[in-house]
Amino acid sequence: MNDAHSELSALLGPRYSRSAAECDAHAHSETHVCAGPPEGVAWPETTGEVAAILRICHAHRLPVVGWGAGTSLEGHALALHGGICVDFTRMTRIVELRPEDMLVRVQPGITREDLNRELRATGLFFPVDPGANATLGGMAATRASGTTAVRYGTMRQAVLGLEAVLADGTVIRTGSAAPKSSAGYDLTALLVGSEGTLALITELTLRLHGQPEAVSAAVCGFADMSGAVDCVIETIQSGIPMARIEFLDTAAVAACNAHARQDLPAMPHLMVEFHGSAAGVAEQAQRFGEIAASHGSAGFRWAEKTEDRNALWKMRHNAYPACLAARSGATAIVTDVCVPISRLAEAVEETRADIKASGLPGPILGHVGDGNFHAILLIDPASADERATAKALAARMADRALRLGGTITGEHGIGMGKLDYMPAEHGPAWAAMGAVKRALDPLNLMNPGKLVPPHDQG
Ligand SMILES: Cc1cc2nc3c(=O)[nH]c(=O)nc-3n(C[C@H](O)[C@H](O)[C@H](O)COP(=O)(O)OP(=O)(O)OC[C@H]3O[C@@H](n4cnc5c(N)ncnc54)[C@H](O)[C@@H]3O)c2cc1C
């Protein structure tokens with residue numbers, strides 16, 4: 001192995017480090033999931049360097065784990081089986097911007113906020129927005145989504161094509177700049193959501209959208225959770241093209257109030273946003289207002305100015321640290337599930353009752369417009385009992401989502417935290433995923449221990 005590390009040092013110079021500080025900095029997950037540090041960290045700048053890194057690791061049988069911003073929630077980017085971490089934070093270039101085709105080619109390390117800053121003057125924007133300022137490579141690898149998925153889709157719709165490096169160092173291109181294709185297996189779709197277990201992504205071709213002419217956002221409270229959730233269901237079923245429709249339960253509202261110095265009433269809330277022409281936005285807002293009133297909304301607080309809207313969504317995007325701060329010294333088991341919109345009310349109500357019965361604090365919030373919600377289960381990190389209670393709650397959430405026809409995760413992904421639920425969701429299809437993994441990475445070097453069945457099973 002020392003040969004591998006010397007070859008990596010010769011390739012990258014100071015951009016390969018084995019220092020304890022750098023390795024430790026790549027050993028932490030945002031949540032409770034932990035693993036040891038990698039043996040080294042590489043910071044490539046080009047596809048050629050990524051390919052050379054993988055050739056060295058392949059020759060020396062050294063595992064490789066990609067690293068974007070390290071914000072994934074199920075231990076995805078941790079070096080469970082040792083090996084090296086490939087950190088993409090020096091690959092942040094916009095390679096090509098094609099406003100006429102409404103697409104952009106980027107290196108994987110650029111973050112969504114930086115990309116949108118660069119796009120601001122073009123009249124275009126990239127809509128997918130996980131709360132954290134994640135990298136586009138990490139977002140593609142986790143098939144991320146966020147508050148705007150209800151209108152603009154997830155990374156599944158946003159990625160038109162990829163450049164990626166396979167385990168043996170082969171560089172491949174998938175997709176094209178054309179809006180659609182029927183040329184063979186959809187390898188773009190296979191790699192999006194593969195969590196770095198099949199290849200490292202070195203370039204992405206992304207679909208952009210026009211910045212809306214008018215935007216309007218609001219928060220509204222509801223006397224009870226069922227009123228808010230039923231309002232979401234009727235809104236989606238009635239076809240109003242919501243740009244965002246987010247739910248926060250009373251505990252999440254209290255945490256956001258304390259963290260963002262807001263004064264929302266202590267009740268469940270929806271946060272909504274409308275995009276379109278001025279007339280279209282006004283009409284959508286009016287139709288939504290009528291539906292909300294019929295479900296007992298307690299009135300709206302509008303945010304029409306850009307700075308007010310930004311403050312509102314900043315509060316929403318900071319809901320995770322806000323909830324963490326609600327219990328001093330706590331760590332969180334954050335879990336997300338997604339159900340068909342017609343089963344959303346049952347899913348949220350049963351989850352609320354289950355969390356209440358457990359005695360743990362567990363705010364619920366989420367992108368309910370697409371049936372996706374999260375529980376942030378706050379536990380004392382020193383308490384094995386609380387950890388077990390939270391894990392059992394998370395397992396019941398996953399079971400419930402499957403029983404209601406949904407999925408064990410709408411956007412956070414599997415990593416190592418949700419591996420145990422994969423057989424229940426996929427049955428024999430999980431073994432098929434393992435077969436794809438073995439075909440593309442027979443030595444099991446790409447992010448081993450994540451997503452697919454352990455290599456020794458079948
Ligand atoms: C406060 C907070 C809120 C969040 N809200 C949301 C949300 O609303 N929606 C949502 O979807 N997620 C959310 N997340 C989770 C997280 O932001 C996403 O999973 C995000 O996509 C991870 O991107 P990253 O750049 O941090 O990737 P990392 O965490 O660094 O890596 C994630 C995975 O991608 C792999 N990877 C990274 N780069 C590459 C590459 N170039 N090629 C191949 N594999 C690669 C890693 O190996 C790992 O398996 C949230 C997280 C936090 C902390």
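Given the structure is predicted, the values throughout are model-derived calculations rather than measurements. (Residues numbered from 1 in each chain as written. Predicted model: local features only at pLDDT ≥ 70, side-chain atom pairs only at ≥ 80, totals over all residues. Heavy atoms only, no water.)

Structural notes on the side chain of Glu411
- With respect to the helices, strands and loops of the structure, Glu411 is situated in the loop between α15 (384-403) and α16 (422-426).
- For the buried Glu411, no salt bridge exists, and the shortest N-O distance to an oppositely charged side chain is 6.2 Å, to Arg316.
- A polar contact of 3.2 Å, which involves the side chain of Glu411, links it to the side chain of His374.
- With residues near it in sequence (within four places) discarded, Glu411 still touches Thr142, Arg143, Ala144, Ser145, Gly146, Asp336, His367, Asn372 and His374. (Helix = DSSP H or I, 4+ residues; strand = E, 2+ residues; numbered from the N terminus. Buried < 20%, exposed > 50% of the residue type's maximum accessible area, 1.4 Å probe, protein only. Lys, Arg positive; Asp, Glu negative; His and termini not counted. Salt bridge = Lys/Arg side-chain N within 4 Å of Asp/Glu carboxyl O. Polar contact = N/O pair within 3.5 Å; in protein donor to acceptor, adjacent residues only side chain to side chain. Contact = heavy atoms within 4.5 Å.)

Brief notes about the site of the ligand
- Looking at the ligand, there are 37 residues lining it, with Gly66, Gly68, Thr71, Ser72 and Thr135 nearest.
- Between the ligand and Thr142, the relevant distance is 2.8 Å, taken from an oxygen atom to a side-chain nitrogen or oxygen of the residue.
- Calculation on the ligand without its partners gives an accessible area of 980 Å², and the protein chains cover 96% of this total.
- Listed by contribution, the elements that provide at least two residues to the shell around the ligand are β3 (64-67), α5 (136-142) and β10 (199-207).
- Each residue belonging to the shell around the ligand can be placed in one class, and the counts come to 17 nonpolar, 17 polar and three charged. (Near = heavy atom within 4 Å. Areas by Shrake-Rupley, 256 points an atom, 1.4 Å probe, with all protein chains shown as cover. Nonpolar A, V, L, I, M, F, W, Y, C, P; charged D, E, K, R; others polar.)

Some words on the UniProt feature "domain: FAD-binding PCMH-type" (unreviewed entry) in the protein chain
- Within the UniProt annotation, "domain: FAD-binding PCMH-type" (unreviewed entry) is assigned to residues 34-211.
- With 24% helix and 26% strand, residues 34-211 has end C-alpha atoms that lie 40 Å from one another. (UniProt positions renumbered as here; feature names shortened; annotations may be inferred.)

Concerning the packing of helix α14 (residues 344-358) against α15
- Orientation of α14 relative to α15, taken along the N-to-C sense of each, is 165 degrees, at an axis distance of 11 Å. Regarding the angle of α14 to α15, the classification is roughly antiparallel. Between α14 and α15 lies a crossing whose hand is right-handed. Contacts between α14 and α15 pair Ala347, Glu350, Thr351, Asp354, Ile355 and Ser358 from the former with Thr389, Leu393, Arg396, Met397, Arg400 and Arg403 from the latter.
- For the contact of α14 with α15, a count of residues per class yields four nonpolar, three polar and five charged. (Axes fitted to C-alpha atoms, helices over the stretch in contact; angles between N-to-C directions. Parallel < 35°, antiparallel > 145°, perpendicular 65-115°, else oblique. Left-handed = near helix turned anticlockwise from the far one by under 90°.)

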